[in-house]
Amino acid sequence: MKRSSSTSKKRSSSTGSSGKRRVTAGGPQVTERDIVAEEPEFEDPYSDIEDDGEVVDAGADDDEEFEEGEEDDDQDEQATRQVFRPGVDVVPEGYEMTYDSSAYDMYHKLQVDWPCLSFDIVADSHGAARTKYPVTCYWACGSQAGPGSDNYVGIMKSSQLCRTKFDGDDNSDAEDPDEDDDDDDAENDQPDLDPVLETKFAKDASSFNRIRALPQQPTIVAGWTEAGVVKCWDFSDQFRQLDDPAQWVRDNADAGGAKAGKAAPLLFSTPHTAEGHLTEGFGLGWSPLQRGCLASGDCDGFVRVWTLAESGTVSCSNLTPTPSPGSIEDIKWSSTQETVFIAALSGGLCQVFDTRSPGAKLSWTAGPKGVDVNVLDWNPHKQSSHLVVTGCDDGSFHIWNLRNLSQTAGKSAPLQGYTYLQAPITSIEWSPTNENLVAVASDDNQVTLWDFSVERDREEELALAARHPELAKFPAQVVFQHMGVESPKELHWHPQLPGVVVVTDSHGFDIFRPSNWKSIIR
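Residues numbered from 1 in each chain as written. Predicted model: local features only at pLDDT ≥ 70, side-chain atom pairs only at ≥ 80, totals over all residues. Heavy atoms only, no water.

A. Representation of the layout of surface pockets in the model. In this structure, the second largest pocket spans a volume of roughly 830 Å³. Lining the second largest pocket we find 27 residues, and of these D120, P215, P288, D377 and E429 sit closest to its centre. Mapped by element, the contributors of at least two residues to the lining of the second largest pocket are β6 (118-122), β10 (208-214), β14 (281-286), β18 (328-333), β22 (373-378), β26 (425-430) and β30 (490-493). Taken together, the residues of the lining of the second largest pocket break down into 19 nonpolar, three polar and five charged. (1 Å grid on protein atoms, 1.4 Å probe; cavity = no way out; pocket = protein on both sides within 12 Å on 5 of 7 lines; lining within 4 Å. Points joined across faces, edges and corners; volume = space filled by probe spheres on them. Helix = DSSP H or I, 4+ residues; strand = E, 2+ residues; numbered from the N terminus. Nonpolar A, V, L, I, M, F, W, Y, C, P; charged D, E, K, R; others polar.)

In structure tokens form, the structure reads like this:
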């Protein structure tokens, strides 16, 4: 399906706040079906007839037998319910996996025409730390439709995202222990709304490997294309059309209709020469401290820094006169030092760069020898700004203390390391609200949330293993496990929606907030 530059509204495949989502597991593909289960209403035809007959008490014995039967049924259900372990358990043919709705405060699945390998959250002006429903959020993304004009880059708006109700429960908040909190008032009366996905985009001939929004002005979006070119657009007007369409219509009328159909301006495009990049890449990142400073790294190991001035001029710095020893897979800037960033490389290395002079200032082996470091993230909290987390192609990820790194590659040891996941790590990110919390996406179709402040409790582990033997080797630091995604490629915490994680996979986007979000974000 070809896209146009006009706004398109689509109904998400999510069931909103009351439906039951099932993920069919049969074969290599995962398909989603929406089933809205409504309890049949029974109307007694004799309800208006008065009965003066004798009322007979069935007796306490019958009540006790009935209660015992209910308890047996509950125990049987608990005994057969097990936690699915990706890479270990197999769904038998003809069986279906379904998620436990009580595990989510919010969960919606949004499908798009073409998958997106990468996206970035676009901050809005609707306030920080928003917890009320329905939820609205924005992100920038670029498609992966293959070569041709079907590809696009632009802004998406997802609105009417309601709280997920428990299955068979008309009032999910009755189960919420924090029901009296100010953040949850009026939730009982929330309407059942279908999520809406709206887009404003620009066409491009190439698909996109990485998308990043400028932190100081998120409507300025940079994209790494498969054609080996980094491009940058200004989607400010398109964002206004999505964010306040009534005001935009008035502004357009005042301008005599000049705004209608106006494409997002292309601010710059890097040259496909030795002064820019000759091959495609994945490393891309804006400095959070220095406005308009963009670092890019390609598959040949070259790193460039582009500076976009407010006047519109662009300058370039070559930080790798000699290419790095591997493809640049990811780039993350320091939140405390405006000229410093780290690049993750194929082959297992990480390199620290300073824009004030060319060449890597520090290199260290950040994974098993020869294993690619796919992704990394630099802790954004000032008190933990010395911590970096890296995710590798073998499923392992590690936390590094930059203060303890040796100047000689291969001599440093991680602060912590985890090998529980058995598939490549495709995205990893520190929580913006908790310096100990990390979200991890892996190629075994799951997203896990890890709290590194959790310490092992032997008695609690033994009790859990008795109830769920399949969790005997489950890491204590995993505080939430989200499945139902297929080949997740990138995730982000939403900085304005505490506890909300957005994930892109081969079908679209998952947006969820765990039921335990209040305890894990602190």
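B. Molecular detail of the sheet that holds strand β5 (residues 104-111). Pairing is antiparallel in the open sheet, where four strands are placed in the order β5-β32-β31-β30. Edge positions in the open sheet fall to β5 and β30, since each of these has one partner strand only. Put simply, the sheet's adjacent strands are angled 15° from each other on average, direction ignored. (Pairing = 2+ DSSP bridges. Axes fitted to C-alpha atoms, helices over the stretch in contact; angles between N-to-C directions.)

C. Structural view of the sheet that holds strand β11 (residues 217-225). One open sheet accounts for four strands, arranged β10-β11-β12-β13; its pairing is antiparallel. Here the strands that pair on one side only, and so sit at the sheet edges, are β10 and β13 (266-269). Put simply, the sheet's adjacent strands are angled 20° from each other on average, direction ignored. As defined by bridge partners, β10 adjoins β11 across six bridges and the pair is classed as antiparallel. Across the sheet, R212 pairs through a bridge with A222, a residue of β11.

D. Highlighting the nonpolar core. Membership of the largest hydrophobic core comes to 21 residues, with the highest contact counts inside it found for W139, C141, M156, V502, F509 and I511. Elements supplying a minimum of two residues to this core: β5, β6, β7 (135-142), β8 (152-161), β9 (196-203) and β32 (508-514). For this core, the leading source of residues is β7, giving four residues. (Core = buried A, V, L, I, M, F, W, Y, C linked by side-chain atoms within 4.5 Å. Buried < 20%, exposed > 50% of the residue type's maximum accessible area, 1.4 Å probe, protein only.)

E. Spatial organisation of the pattern of salt bridges. Per the counting criterion, the structure on display carries nine salt bridges. Measuring nitrogen to oxygen at the nearest pair gives 2.8 Å for the salt bridge that ties K231 to D204. Highlighted residues: K231 in strand β12 (residues 230-234) and D204 in the loop between β9 and β10, separated in sequence by 27 residues. Per residue, the accessibility class of K231 equals that of D204, and both read buried. Each of D237, R240 and K259 takes part in one network of salt bridges that share partners. (Salt bridge = Lys/Arg side-chain N within 4 Å of Asp/Glu carboxyl O.)

F. The packing of aromatic side chains, seen in detail. For the structure shown, the criterion picks out 24 aromatic pairs. For the pair Y104 and F512, a centre-to-centre distance of 6.1 Å together with 90° between the ring planes defines the contact as edge-to-face. In this pair, Y104 sits in strand β5 while F512 sits in strand β32, placing the two residues 408 residues apart along the sequence. Residue Y104 shares its accessibility class with F512, and that shared class is buried. Through successive ring pairs, a cluster of aromatic residues spans F397, Y418, Y420, W430, W450, F452 and F474. We note R513 situated over the ring of W517; from NZ or CZ to the ring centre the distance is 4.5 Å. (Phe/Tyr/Trp six-rings, centres within 6.5 Å; stacked < 30°, edge-to-face > 60°. Lys NZ or Arg CZ within 6 Å of the ring centre and 35° of its normal.)

G. Local environment of empty space enclosed by the protein. In total, this model carries two cavities of 30 Å³ or more according to the counting rule given. Size it by volume and the largest cavity reaches roughly 80 Å³. Taken together, 14 residues line the largest cavity, and the ones lying closest to its centre are R212, D330, K332, S427 and E490. Considering every element that reaches the lining of the largest cavity, the biggest residue donor is β26, with four residues. A per-class count over the lining of the largest cavity returns four nonpolar, three polar and seven charged.

H. The arrangement of the pairing of strand β16 (residues 303-308) in detail. Among the six residues in β16, five count as buried, and that is most of the element. The turn joining strand β15 (residues 293-298) and β16, which pair antiparallel and follow one another in sequence, is formed by four residues; a positive phi near 95° is taken by G301. In the sheet, β16 pairs with strand β17 (residues 314-318) via five bridges, with the strands oriented antiparallel. Within β17, the position partnered with T307 by the bridge is S315. Between β16 and the antiparallel strand that follows it, β17, lie five residues; G312 among them carries a positive phi value of about 105°.

Just distances and angles here, no functional claims.
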